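Summary of structural features
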Amino acid sequence: MTTNDLVSSDAREPPGGSAPRRASWARRILGRLEVRMALLALLIAIALSLLSPYFLTRTNIFNILDQSVVVGIVAVGMTFVILTGGIDLSVGSVAGLCGIVLGLSLQHLPIPLAIPCAIAAGGFIGLVSGCLIAYFGLAAFVVTLGMMAIARSLSYIFSGQTAISNIPSDLSNIVYTSILGIPSNVAFLLVLYALAFAYLTYTKGGRTIYAIGSNKEAARAAGLSVLFYSTLPYVISGALSAVAVTFSIAQLLSADPLMGNMLELDAIAAVVIGGASLYGGRGSIVGTLIGVLIMVMIRNGLNLMGVSPFWQGSAIGAIIILALLVERLVSVRAKR
Amino acid sequence: MHALSRVRPSEILKATGIDKTFDRTRALQGATLELRAGEVHGLLGANGAGKSTLSKVISGHVIPDRGEVVFKGQALRVASTRDALEAGIAIVMQETSLAPDLSVLENIFLPELGRPGRLSRGRLRQRARELLARLGHEHMLPLDQEVRDLSAAQRQLVEISKALALNTDLIIFDEPTASLSPSEVERLFEIMDRLRQDGHALVFVSHRLEEVFAITDRVTIMREGRTVAASLDTASLSQSDLVRHMVGQDLGSIYARTAEAREPDRGRSGEFLLAVEGLSAPPHVVDVSFGVRGGEILGLGGLVGAGRSEAAEAIFGLRPRARGTITLSGRPIAPRSPAEAIAHGIGFIPEDRRTQNIVPDLSVKENLLLAHLGAYRGFGHGYRKREAAAARLMERLGLPADRLLDTNMLTFSGGMQQKVIIARWLLLEPAVLILDEPTKGVDIGTRSSIYAILREVASQGVAVVLISSDFEELLGLADRIVVLSDGRSIADLPSALLDEVKLTLLAAPRTSMARNTALLDAISADHSGAAFWVLIDSDELICLNLVEAAGSPSPGLRTGEAMRIAETRISRALMERQDGFVAETDVPLSTVLVPMRNPRGHDFGWIGLTVDSRMSIPSARLIRTRVEALMSAD
């Protein structure tokens, strides 16, 4: 096709050239979902501070951060799982079971040994789910649904249907110790997000997780360890559920078999609000953090305004759906 | 042509006696393949001949039941793609194996993620630049862009870079040109040529025979899982030799058409069954007009991205229309959804079989009756009534009726799938049938039967609109061709007047004609005349571009149209084509024609200037110099 010499092939770029590209820097920044969601979070914060004078006080801000710890920790594991295109419905029940494991271990073991026991239990459950999903190709939704039922049932059985309340009060140190003026549980949360961000963005393992979620066949063809990195997120998710419940117990000094009930929904909602695709491959840890903050802020604001807890579920559900709807409309228009 | 590869033939891979059975089908039976370093080796065969399976055996995607592969003098035992990659064998797949959410850089070095050691982005970036420079495309790929935003050609470039990043000695290209436009194919061939000169062995799997002749040194042909012709020199073969080996029999001309159909005037009369005026569906469709008569096959030509598929989607109600009218049998229609378009009698077969056309989990019968399900009004599915018609149709299309109940569409070859889809629409007895790239990824044997079906459909009075990037196919099949470029219909010509070169010139993006237009503008304004660009073929011409200054005399040309030279007002000048200005005898017009040739001697037609002969005639030398300056600017 020698005639192409004349019609210079470089001109195949879409017409427009560099001028609109320069003009659209704002659009490019707004094109990032995390940025849009951060703006939404800011908007919610402003609205709530107008509605309640108490919202922007120092105490309440620490309150919000404190309330973010449990769901925030679980949401990190959920982000890993969702990035591979999976889902983990069992996190709430696993948290409940690990809480009981921690409570029982503390009867016989010192704190520095009991916590690893609980985390190991969570990781082990994740390992079982992950193997069933990755090696046997079972649907993540079904496996973790089953695991959710099993874990909750076991937590009732192990606890004898009652809360374990004789928790050594030293455990509360992991929450209330101040590190550079920040409560240790909040500090832990921030460090965890920084680590997860670095892992997912800068390491081979992190990028492998994205690659698997984006195109599993491509990852396999490139010789990546698809099985290992499809299992790992469930282990992380299970282990982090145990960590989350540990902070919870440290505050309450009691382990209830019902702990973590419905936690999975908050965690999944936070990850999805943060821009992750349930098909995998898309999403980020920064987005998840914003998603967590949006969830917690709304709940906190509704509490401050004295909205009945029975109405709060409706309000939060509506806001989640609304946020995603607006997001979809905006991104469809951005593509035009 | 590529003597280099024959100077020192060194065998790099030899596969012998490869057997592979999937479930019940024997995909490979004693297949053989022998490759040399520094050659492009064509691997040909009809669909289902086993060439893809053989490629996958060599690249570790499929483990053979029996057989031996010797690579660089050692027995190759690959249990996984990973092993093949480590050994130095990579495959560039038909459906690209890239991760759309990762960046270009990460995709190129995807296998690096699976290796021990730390990830150094700076070093990878450096290496990626070197790789792309080796391919001559260092500016073509933004390394940080997400792959989902790339064009098909760019994705392929990423795949090739990915293969090179592993220092592979052998790269298999599995139907690499399937989704590329002609100029992109040309660029791919340049890359393949470079790789060949670097001593890589390349396997080129393709259906397109003209491409096989353009790029390969030797070919191996497969049929029904066996190697039927091994390592023949491409230069010693003719097209019919290849087809005979592939199909096992002579096929005759695949575009069998009657002499009467070749008449250029055919299709110039009669009312349009479907007429589209000024259709606009931003951003891809800007201004598209065309009409098609019953019994006619109209080709929509152009490059990938010219807006052809998008225009068809807009007509079919899949895409919102901003402006324009659609008329069907004289009545204006405005379908807002496919259901409405179907109700009007329009059928549309989109390009991507796998994602847009097939419901893989349903049986062939259900796939066949799927469109019927939407059109049928009633509570049950009403399949019964249509079964007889379906069976008749299957027989006509050469589909075995006993496979109607086969549970999985995906067990069929691409060509068979396409036949089922065409059959689905024929069951609805449409007035207009629009097909988008119906033979993409379809082997030559099935292709000719699809062509025969389309011709038969048209002969029954259906208006057929064929979208194809394969210019040869368009020219062979369509009665008339409407060329789209950058979302505009720019030419409407009988295909008898066209050839591939003319089509390529017409299909070129308008943006890249900017320099040509600028020249015409300048000449026209400076000499207050009409400046034009035409292709001349014996007593006919095609006008590619025309600029008329205010008040200038008209040469009687129209952009995008073909006409007989005698019909123009400057017939004498066009017939004589002399060095200087030629005055007409009947009208006061003087015209000079300057041939456009690039430094390599390729002919691009003629640039002309027509002025009023009663005014002062400019210097013909001056015009010639300006045209030559344009051509040597490359």
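Residues numbered from 1 in each chain as written. Chains lettered and ligands numbered in written order. Predicted model: local features only at pLDDT ≥ 70, side-chain atom pairs only at ≥ 80, totals over all residues. Heavy atoms only, no water.

**Re the overall build of chain A**
Scanning chain A from terminus to terminus reveals 15 helices and 2 strands. Burial analysis of chain A (336 residues in total) assigns 49% to the buried set. In chain A, 76% of the contacts between residues at least 6 apart in sequence involve partners at least 24 apart. (Helix = DSSP H or I, 4+ residues; strand = E, 2+ residues; numbered from the N terminus. Buried < 20%, exposed > 50% of the residue type's maximum accessible area, 1.4 Å probe, protein only. Contact = heavy atoms within 4.5 Å.)

**Details of the overall build of chain B**
A tally of helices and strands in chain B yields 22 helices and 26 strands. Considering only contacts in chain B between residues 6 or more positions apart, those separated by 24 or more positions represent 64%. Summed over all atoms, the accessible surface of chain B reaches about 26,400 Å², with 49% contributed by carbon and sulfur. (Areas by Shrake-Rupley, 256 points an atom, 1.4 Å probe, with all protein chains shown as cover.)

**Observations regarding the pattern of salt bridges**
Pairs may arise between side chains of opposite charge once their charged atoms sit close together. Under the criterion given, the structure shown has 27 salt bridges over all chains. Residue Asp 65 of chain B pairs with Lys 20 of chain B through a salt bridge whose shortest N-O separation is 3.6 Å. Here Asp 65 of chain B, found in the loop between helix H2 (51-58) and strand E4 (66-71), pairs with Lys 20 of chain B, found in strand E1 (residues 11-22); they are 45 residues apart in sequence, far enough to count as distant. Here Asp 65 of chain B falls in the partly exposed class, since its relative accessible area comes to 43%. One salt bridge in this structure joins Arg 480 of chain B and Asp 492 of chain B, with 2.9 Å as the shortest N-O distance. Within this pair, whereas Arg 480 of chain B is found in strand E19 (residues 480-485), its partner Asp 492 of chain B is found in strand E20 (residues 488-494), the two being separated by 12 residues in sequence. Residue classification places Arg 480 of chain B among the buried positions, given a relative accessible area of 5%. A cluster of three or more residues bridged by salt bridges with shared partners is formed by Arg 282 of chain A together with Asp 101, Glu 146 and Arg 148 of chain B. (Salt bridge = Lys/Arg side-chain N within 4 Å of Asp/Glu carboxyl O.)

**Details of the nonpolar core**
Ranked by internal contacts, the top residues of the largest apolar core, which has 142 residues, are Ile 73 and Leu 171 of chain A together with Ile 108, Ile 160, Phe 173, Met 192 and Leu 195 of chain B. Broken down by element, the residue count for this core peaks at 12 residues, all from helix H4 (residues 58-83) of chain A. Setting aside its immediate chain neighbours within four residues, Met 192 of chain B contacts Val 40, Phe 173, Leu 202, Phe 204 and Ile 215 of chain B. Judged by nonpolar contacts, the second largest core, of 97 residues, contains Ile 421, Trp 425, Leu 506 and Ala 507 of chain B. (Core = buried A, V, L, I, M, F, W, Y, C linked by side-chain atoms within 4.5 Å.)

**A closer look at the packing of helix H5 (residues 121-134) of chain B against helix H6 (residues 152-165) of chain B**
The relative placement of two packed helices is expressed as an angle between their axes plus a distance between the axes. Residues and elements named next belong to chain B. With their axes 10 Å apart at the nearest point, H5 and H6 run at an angle of 110° to one another. As summarised for this structure, H5 and H6 are arranged roughly perpendicular, according to the angle between their axes. In the crossing of H5 with H6, the sense of the turn from one axis to the other is right-handed. Taking contact as the criterion, the partners of Arg 127, Leu 131, Leu 132 and Arg 134 in H5 are, on H6, Leu 157, Ser 161, Leu 164 and Ala 165. Each residue belonging to the contact of H5 with H6 can be placed in one class, and the counts come to 5 nonpolar, 1 polar and 2 charged. (Axes fitted to C-alpha atoms, helices over the stretch in contact; angles between N-to-C directions. Parallel < 35°, antiparallel > 145°, perpendicular 65-115°, else oblique. Left-handed = near helix turned anticlockwise from the far one by under 90°. Nonpolar A, V, L, I, M, F, W, Y, C, P; charged D, E, K, R; others polar.)

**So, empty space enclosed by the protein**
With the rule as written, the count across this model stands at 10 cavities of 30 Å³ or more. Its boundaries defined by the atoms lining it, the largest cavity holds a volume of some 180 Å³. The wall of the largest cavity is formed by 18 residues, among which Ala 221 of chain A together with Leu 85, Ala 90, Ile 91 and Lys 162 of chain B lie closest to the centre. Elements represented by at least two residues in the lining of the largest cavity include exactly helix H3 (81-87), strand E6 (89-92) and H6 of chain B. Of all the elements, E6 of chain B adds the most residues to the lining of the largest cavity, at 4 residues. Classifying every residue of the lining of the largest cavity by side-chain character gives 12 nonpolar, 4 polar and 2 charged. (1 Å grid on protein atoms, 1.4 Å probe; cavity = no way out; pocket = protein on both sides within 12 Å on 5 of 7 lines; lining within 4 Å. Points joined across faces, edges and corners; volume = space filled by probe spheres on them.)

**Examining the side chain of Ser 184 of chain A**
Among the structural elements, Ser 184 of chain A can be located in helix H9 (residues 184-202). Other than its neighbours up to four places away in sequence, Ser 184 of chain A contacts Asn 173, Ile 174, Val 175, Tyr 176, Thr 177 and Ile 179 of chain A.

**Comments concerning the confidence of the model for chain B**
Residues and elements named next belong to chain B. Per-residue confidence for chain B gives a mean pLDDT of 80, with 82% of residues at or over 70. Mean pLDDT values over the elements of chain B span from 44, in helix H1 (residues 4-7), up to 93, in strand E18 (residues 463-467). Across residues 1-7, where pLDDT falls below 50, the model places 11 contacts with residues more than four positions away in sequence or in other chains. Counting contacts from residues 258-268, a segment whose pLDDT is below 50, to residues more than four positions away or on other chains yields 18 contacts. (pLDDT = per-residue confidence, 0-100.)

**Notes on the packing of helix H13 (residues 263-273) of chain A against helix H14 (residues 285-304) of chain A**
Residue and element names in this part refer to chain A. As a packed pair, H13 and H14 sit with axes 7 Å apart at the nearest point and diverge in direction by 120°. Comparing the axis directions of H13 and H14 gives the class oblique. The element H13 and its partner H14 pack so that their crossing is right-handed. In contact with Asp 266, Ala 269, Ala 270, Val 271 and Ile 273 of H13, H14 contributes Gly 287, Thr 288, Gly 291, Val 292, Ile 294, Met 295 and Arg 299.

**Side note on the sheet that holds strand E3 (residues 40-45) of chain B**
Residues and elements named next belong to chain B. Spatial strand order, E6-E7-E8-E3-E9-E10: 6 strands in an open sheet with mixed pairing. Each edge of the sheet is formed by a strand with only one pairing partner; in this case those strands are E6 and strand E10 (226-233). Here the strands of the sheet are splayed against their neighbours by 20° on average, with no regard to which way each runs. Sheet analysis places strand E9 (residues 218-223) next to E10, joined by 5 bridges and oriented antiparallel. What sits directly across from Ile 221, in E10, is Ala 229. Along the sheet, H2 makes contact with E3, E6, strand E7 (170-174), strand E8 (201-205) and E9, crossing E3 at roughly 135°. (Pairing = 2+ DSSP bridges.)

**Examining helix H6 (residues 111-134) of chain A**
Spanning 24 residues, H6 of chain A covers 34 Å between terminal C-alpha atoms, matching the ideal 34 Å at 1.5 Å per step. Where H6 of chain A is buried, its residues touch helix H5 (91-108), helix H7 (140-159) and helix H12 (226-252) of chain A. (Expected span 1.5 Å × (residues − 1).)

**Regarding the packing of aromatic side chains**
Residues and elements named next belong to chain A. Under the definition given, this model contains 7 aromatic pairs over all chains. Summarising the aromatic geometry, the rings of Phe 80 and Tyr 199 are spaced 6.0 Å apart at their centres and angled 25° between planes, so their arrangement reads as stacked. You can see Phe 80 sitting in helix H4 and its partner Tyr 199 sitting in helix H9, a full 119 residues away along the chain. Tyr 199 sits in the partly exposed class, given a relative accessible area of 25%. Between Phe 188 and Phe 247, the ring centres sit 5.1 Å apart and the planes meet at 45°, which makes this aromatic pair tilted. With Phe 188 in helix H9 and Phe 247 in helix H12, this residue pair connects regions lying 59 residues apart in the sequence. Over the ring of Tyr 210 we find Arg 207, and its NZ or CZ is 4.5 Å from the ring centre. (Phe/Tyr/Trp six-rings, centres within 6.5 Å; stacked < 30°, edge-to-face > 60°. Lys NZ or Arg CZ within 6 Å of the ring centre and 35° of its normal.)

**Some words on the pairing of E8 of chain B**
All names here are of chain B. In terms of burial, E8 is a largely internal element, 5 of the 5 residues being buried. What you see with E8 is no split at all: Ala 201, Val 203 and Val 205 on one side and Leu 202 and Phe 204 on the other are buried throughout. Relative to E8, E3 is paired through 4 bridges, and the arrangement is parallel. Along E8, the bridge assignment pairs Gly 42 with Phe 204. Pairing analysis gives 5 bridges linking E7 to E8, with the strands arranged parallel. Bridge pairing in E8 places Phe 173 opposite Phe 204.

**Concerning the environment of Leu 477 of chain B**
Mapped onto the elements of the fold, Leu 477 of chain B is located in helix H18 (residues 471-477). You can call Leu 477 of chain B buried: its relative accessible area is 2%.

**Some points on the confidence of the model for chain A**
Predicted confidence across chain A gives a mean pLDDT of 85, with 88% of residues reaching 70 or more. The low-confidence segment residues 1-23 of chain A (pLDDT under 50) makes 38 contacts with residues lying over four places distant or belonging to another chain.

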